[in-house]
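Residue strings, one per chain:
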Amino acid sequence: QVQLVESGGGLVQAGGSLRLSCAASGRTFSNYAMGWFRQAPGKEREFVAGISWNGGSTYYGDSVKGRFTISRDNAKNTVYLQMNSLKSEDTAVYYCAASRIRTVVVVSLNYNYWGQGTQVTVSS
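What counts and what doesn't
Residues numbered from 1 in each chain as written. Predicted model: local features only at pLDDT ≥ 70, side-chain atom pairs only at ≥ 80, totals over all residues. Heavy atoms only, no water. Core = buried A, V, L, I, M, F, W, Y, C linked by side-chain atoms within 4.5 Å. Buried < 20%, exposed > 50% of the residue type's maximum accessible area, 1.4 Å probe, protein only. Salt bridge = Lys/Arg side-chain N within 4 Å of Asp/Glu carboxyl O. Disulfide = S-S within 2.5 Å. Helix = DSSP H or I, 4+ residues; strand = E, 2+ residues; numbered from the N terminus. Patch = residues over 30% accessible without salt bridge, like charges linked within 9 Å, V, L, I, M, F, W, Y side chains within 5 Å. Areas by Shrake-Rupley, 256 points an atom, 1.4 Å probe, with all protein chains shown as cover.

1. Let's talk about the nonpolar core
Among the nonpolar cores identified, the biggest contains 30 residues, and Leu4, Met34, Trp36, Leu81, Met83 and Tyr94 are the most heavily contacted of them. In this structure, Ala33, Phe47, Ala97 and Val105 belong to the second largest nonpolar core, which totals six residues.

Structural data, given as C-alpha cells:
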C-alpha cells in the first residue's frame, strides 16, 4: 500500500506560479512511476504530467507543455509539480498518483494509488 498526500495548492493570479508536492509513504517510493492529474468541475480527469521511477523520463499533457515541470526526489519520497504562467483554465483539483509500472504512465487506469487532491484556483 502507498499513501499519497498532496500539498501546495491555493489561490494565485493568472501568470503566477505554484509548486505542488506529493509526499509518499508505505512501499518503496522509487519502485513507482508517478503522475499528476487534474479535474475541473464538470470535466473528466485529465493527465497533466508523468515521471518514471528514477526521474529519467517525463511526459506532459499538451495543455501544460512548456509551463509545468514534474520532478521527484526519491530520497525524500516526494514528487513535485512546478506550475508557471498559470491560466484560469488550470483551475482544478490536482491529484498525484503512483503506478507499479516504472516507466512514464499516461493512462489513469494504470495508476494504482491516488492522493486526496489539492485545489488550485487561478484568478483572471
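2. A few points about the pattern of salt bridges
Applying the stated rule across the entire model yields four salt bridges. Taking the shortest distance from any N to any O, the salt bridge between Glu46 and Arg38 comes out at 2.8 Å. Look at Glu46 and you get partly exposed, because its relative accessible area is 30%. Classification of Arg38 by relative accessible area gives buried; the value is 5%. The partner of Asp62 in a salt bridge is Lys65, and the shortest N-O contact between them spans 3.1 Å. Among the residues examined, Asp62 registers a relative accessible area of 65% and is labelled exposed.

3. Digging into the state of the cysteines
All chains considered together, the criterion is met by one disulfide. The residue that forms a disulfide with Cys22 is Cys96, at a sulfur-sulfur distance of 1.9 Å. Residue Cys22 is found in strand 3 (residues 18–26), and its partner Cys96 is found in strand 9 (residues 92–99); the two are separated by 74 residues along the sequence. Each of the two residues, Cys22 as well as Cys96, counts as buried.

4. Comments concerning a nonpolar patch on the surface
On the surface, Tyr59, Val106, Val107 and Leu109 cluster together to form a nonpolar patch covering roughly 400 Å² of accessible area. Mapped onto the fold, Tyr59 is located in strand 6 (residues 58–60). Relative accessible area serves as the criterion here: at 41%, Tyr59 is assigned to the partly exposed category.

The values are spatial; any link to function lies outside them.
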